[in-house]
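Working through the structure, step by step
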Amino acid sequence: MTTTTPHILGRVLLGGRLEVSAIGLGCMGMAEFYGDRDEAESIRTIHAALDRGMDFLDTADMYGAGLSEEIVGRALAGGRRDRVTLATKCGLIRTPDGVRVDGSPRHIAQAIDASLKRLGTDHIDLYYLHRVDPQVPVEESVGAMAQLVAAGKVRHLGLSEAGSKTIRAAHAVHPITAVQTEYSLASRNPERSVLPTVRELGIGFVAYSPFSRGLLSGELSGAELAPDDMRRGLPRFSEDNLDVNQRLVARIGELASRLGCSPAQFALAWLVAQGVVPIPGAQKRTHMNENASAGAVTPTPEVLREADEIAPPGAFAGERFPEHLLAMVQED
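Calculation notes
- Residues numbered from 1 in each chain as written.
- Predicted model: local features only at pLDDT ≥ 70, side-chain atom pairs only at ≥ 80, totals over all residues.
- Heavy atoms only, no water.
- Helix = DSSP H or I, 4+ residues; strand = E, 2+ residues; numbered from the N terminus.
- Rg over C-alpha atoms; globule rule 2.2 N^0.38 Å.
- Buried < 20%, exposed > 50% of the residue type's maximum accessible area, 1.4 Å probe, protein only.
- Contact = heavy atoms within 4.5 Å.
- Areas by Shrake-Rupley, 256 points an atom, 1.4 Å probe, with all protein chains shown as cover.
- Core = buried A, V, L, I, M, F, W, Y, C linked by side-chain atoms within 4.5 Å.
- Pairing = 2+ DSSP bridges.
- Phe/Tyr/Trp six-rings, centres within 6.5 Å; stacked < 30°, edge-to-face > 60°.
- Salt bridge = Lys/Arg side-chain N within 4 Å of Asp/Glu carboxyl O.

- Per an unreviewed UniProt entry, the chain carries the name Aldo/keto reductase and comes from Streptomyces aquilus.

Here it is, written out as structure tokens:
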């Protein structure tokens, strides 16, 4: 249900304390990972998102080795900073061989100042530990992040891809406002223990990759991926797995058509119905507007049950990450 009339998104409270738009804007792809990029269009997309009420922006210091933060900073220059809830992350470091995890207090203290400079601001609204460092107790990482709150550089703390035990340990050190994990109709692992844990503790949940890297949009063909597109290395997009998964997406698309919306909009509406905040990425205004309009889509309980029957946990073929990246996430 893509509409030409502006639909101002509703508001939700993450962790009962941080107000954000019901659907946010992921800014990772503005820097890299999905083929060609257009910085000028990305900035126009951020400006248009703010006009639609989509003012929860999500980035990280490792996206484009800082480029995503720089783009967001340029987009917010000229008086727009106060209009957004700004989230970024630390704890993943780019290397010639890929990425490594560093959750040490020393790195966190250095990373925040670099992010603030790139973003052109004096504070971050929501600061995530991007991945939990297996070599550093999470209590030490969160303790260092809590010092940033005390210093006024950060307002709220979050964790990304953390398991339930880690979430409890971190929350005991300093209130965790949000946990961010991949979650969609195609990736339902958080339902096992992470979602019950955050609900018990009163922590908000932010769902990244709500389209499973574009799969749930119903518009993706493996042959169309650029040579440097990260999805070429993801198991879910291998030829055999993609065939299976696209058949599931086609069935979900039939549900969407009954609601008069696109498959992407249905994927977002399904997440909103779960009580979480999705942050779909968008590099173009057309995609952002389609995503924002999902705020007007309300699936009935019957349709939600049908979606669960089509895509129960484990229905989609292939892991969401290759083994070396899957080893960096905690799912239970």
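More follows now that the structure is in view.
**Details of the overall build of the chain**
- Along the backbone of the chain there are eleven helices and twelve strands.
- Its C-alpha atoms give the chain a radius of gyration of 19 Å, within 12% of the compact-globule value 20 Å for 332 residues.
- Buried positions account for 58% of the 332 residues belonging to the chain.
- Pairs at least 24 apart in sequence give 78% of the contacts found in the chain among residues at least 6 apart.
- For the chain, the exposed surface amounts to about 13,600 Å²; the carbon and sulfur share of it is 50%.

**Structural notes on the nonpolar core**
- Core analysis: the biggest nonpolar cluster contains 107 residues, and Leu14, Leu25, Phe56, Tyr127, Leu216, Phe266 and Phe316 have the highest contact counts within it.
- Look past the residues within four positions of Tyr127 in its chain and what remains in contact with it is Thr88, Lys89, Cys90, Ile108, Ala111, Ile112, Met145, Leu148, Val154, His156, Leu157 and Gly158.

**A short note on the pairing of strand β7 (residues 98–101)**
- Inspection of the sheet shows strand β6 (residues 92–95) paired to β7 by four bridges, in the antiparallel sense. Across the sheet, the residue bridging to Leu92 is Val101, located in β7.
- Where β6 folds back onto β7 in an antiparallel hairpin, the turn is made up of two residues.

**Brief notes about the packing of aromatic side chains**
- Taken as a whole and assessed by the stated rule, the structure comprises two aromatic pairs.
- When the centroid spacing of 5.8 Å and the interplanar angle of 85° are considered together, the rings of Tyr183 and Phe205 count as edge-to-face. Taken as a pair, Tyr183 in the loop between β10 (176–182) and α6 (194–201) and Phe205 in strand β11 (residues 204–208) lie far apart in primary sequence, 22 residues in all.
- Three or more aromatic residues joined by ring pairs form one cluster here, namely Tyr183, Phe205 and Trp270.

**A closer look at the sheet that holds strand β5 (residues 85–90)**
- Within the open sheet, the eight strands sit side by side as β3-β4-β5-β8-β9-β10-β11-β12. Their pairing is parallel. Either end of the sheet is taken by a strand with one partner, and the two such strands are β3 (25–26) and β12 (277–278).
- When β5 meets strand β8 (residues 124–129), the two strands line up parallel, connected through four bridges. Its bridge partner lying in β8, Ala87 is registered against Leu126.

**Focus on the environment of Cys90**
- Mapping Cys90 onto the fold places it in strand β5.
- The class for Cys90 is buried, based on a relative accessible area of 0%.

**A look at the pairing of β5**
- Among the six residues of β5, six are classified as buried, and the element is accordingly described as predominantly covered.
- In β5, alternate side chains face the same way, and those of Thr85, Ala87 and Lys89 on one face and Leu86, Thr88 and Cys90 on the other are all buried.
- In terms of strand pairing, strand β4 (residues 56–58) meets β5 through three bridges, oriented parallel. Its bridge partner lying in β5, Leu57 is registered against Leu86.

**Quick notes on the pattern of salt bridges**
- Applying the stated criterion across every chain, the model contains 20 salt bridges.
- Of the charged contacts in the structure, one is a salt bridge between Arg44 and Glu41, with a shortest N-O distance of 3.0 Å. Residue Arg44 and its partner Glu41 are located together in helix α1 (residues 39–51), separated by three residues, close to a single helical turn.
- Looking at Arg44, the relative accessible area reads 38%, which means it is partly exposed.

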